[in-house]
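Survey of secondary and tertiary structure
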Amino acid sequence: MKNFLDDDFLLESKTAQKLYHDYAKSMPIIDYHCHLPPDEIAEDKQFANITRIWLNGDHYKWRAMRANGVNEDYITGNKSDREKFEKWAATVPYTLRNPLYHWTHLELQRYFGIKEILSPSTAKNIYDECAEKLQSPEFSVRGLLKRFKVEVVGTTDDPLDSLYYHQKIKQDNFGVKVLPSFRPDKAMNADNIEVLNTYIDKLEEVSGTTINDLHSYLKALKDRHDYFAANGSKLSDHGLDHIYAVDYTNGEIKTIFNKIRSNRAISADENLKFKSAMLHQFALWDHEKNWVQQYHLGALRNNNTRGLATLGPDTGWDSIGDFSHGKALSRFLDRLDTDNKLAKTIIYNSNPVNNDLFAAMTGNFNDGSVAGKIQFGSGWWFMDQKGGMIDQLNSLSNIGLLSRLVGMLTDSRSFMSFPRHEYFRRILCNLLATDIENGELPNDIEWTGKIVQDICYNNAREYFGFYE
């Protein structure tokens, strides 16, 4: 029987151990998509205790605590940090076989050197030990980034963001690139006309222009896109239920925008046309700048009306959606490819039912200009766990080229999530080693090790152009 979370965790053979320890383990991290707050990096924040760095904002843990019967006062409410941690410690033993059980103890080991199992009986000592260690310089935000050999952090930012903190980070030149990513979801969301108009009013202020028609709206957004590029951005990102790709004319979109700006209701068809037109326009700008565009698809968000009204979005009320993706995704990509204006693209799937669909779709639009130009991104959100990662890797292996995958990302709001790269790397090494052990791949450790290093780091370094 193996010990829990030992050096060979998830590595089921000598071959897997060699691939991980000799090839994957020491590779730097390019975390090209996450939701880390740039102000905390700029200020080199020091967290007072483990609750502040570990539980605040982590809706994965919040969902588990709610499922375990924990009152909201101990999750997002006004209870003390210690009391909240104690409730999380009481929940952890009940998370057996949930990825949170692995992540929790992996993070305690990697950050704090704590190998005890978190439980009510160990909570006090662990809380106190972590609080003490968090006061040392190596546990500041920048200290943690360096400690985990993070070279690039790609944040997720609204077009209205001033990027002040990104500029400050660049001026400090502390050794890690922290680059913004253009996330214009609010600029195309016409589900609520009042909210969209408020957003457009703010864009007027930021851009210093009057927006009274579609032309001036697109110009203001394009100026923001240019501004992001001037501040180091090389990616866009879109969090959508599905791709929008219905037919429209420019005249229709002008009319729809005029209705929006005059606070007149638009029909469901007009809403789809507006979203389709805006999404296409963003993609043209991405191609113009040789950016990578990312599409996170399929999440069914804000399911709990009462929870949403109380706490707002991104607080644990989202789930896997059952949207139809194939035809719209094909039309969207083909429309761009037909004009030879399809940028490097990563599509992420949140429903395991659609893994093969997404993997197959990427192969339709690779044109030989860039290795892995169209990517099936690593397991995302609910698929960001052992089974989900294996499913994604298998679909990509069977239908595309696993060897060209640009690797893992945290997609996290927590500075304690970097061991997810290790988790992914261990799973990847074990998957390849199993095939070698079974005679399904040749016993060429040197070549397979190179592929492992490419997936973990080299492919991303080449693909995104962060070092140009």
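Residues numbered from 1 in each chain as written. Predicted model: local features only at pLDDT ≥ 70, side-chain atom pairs only at ≥ 80, totals over all residues. Heavy atoms only, no water.

**Observations concerning the packing of aromatic side chains**
For any pair of aromatic rings, geometry is given as the distance between the ring centres together with the angle between the planes. Within the structure shown, the criterion is met by 23 aromatic pairs. The rings of Tyr-111, Phe-112, Phe-139, Phe-148 and Phe-418 are connected pair by pair, giving a single aromatic cluster. The positively charged end of Arg-420 is found above the aromatic ring belonging to Tyr-60, 5.3 Å away from the centroid. In this structure, Arg-461 is placed above the aromatic ring of Tyr-467, and the distance from its NZ or CZ to the ring centre is 3.8 Å. (Phe/Tyr/Trp six-rings, centres within 6.5 Å; stacked < 30°, edge-to-face > 60°. Lys NZ or Arg CZ within 6 Å of the ring centre and 35° of its normal.)

**A word on helix H17 (residues 355–363)**
Asn-355, Phe-358, Ala-359, Met-361 and Thr-362 are the residues of H17 that are buried. Along the axis of H17, the buried residues cluster in a sector spanning 160°; they form a single face. Check the buried side of H17 and you find it contacts strand S6 (292–297), helix H16 (326–338), strand S9 (344–349), strand S10 (374–376) and helix H18 (386–399). (Buried < 20%, exposed > 50% of the residue type's maximum accessible area, 1.4 Å probe, protein only. Helix = DSSP H or I, 4+ residues; strand = E, 2+ residues; numbered from the N terminus. Arc of directions from axis to C-beta. Contact = heavy atoms within 4.5 Å.)

**Describing the sheet that holds strand S3 (residues 177–179)**
Taken in spatial order, the three strands of this open sheet run S1-S2-S3, and their pairing is parallel. Lying at the two open borders of the sheet, with one neighbouring strand each, are strand S1 (29–31) and S3. Here the average twist between neighbouring strands, direction ignored, is 5°. Pairing between S1 and strand S2 (residues 150–154): three bridges, direction parallel. Within the sheet, the bridge partner assigned to Ile-30 lies in S2 and is Val-152. (Pairing = 2+ DSSP bridges. Axes fitted to C-alpha atoms, helices over the stretch in contact; angles between N-to-C directions.)

**Examining the environment of Pro-352**
Residue position: Pro-352 is located in the loop between S9 and H17. Judged by relative accessible area, which is 35%, Pro-352 ranks as partly exposed. Once the C-alpha coordinates of Pro-352 and Ser-207 are considered, the two residues, 145 residues apart in sequence, prove to be 41 Å apart. Setting aside residues up to four positions removed in sequence, Pro-352 forms contacts with Ile-320 and Met-383.

Functional significance is not addressed by these values, which are geometric in nature.
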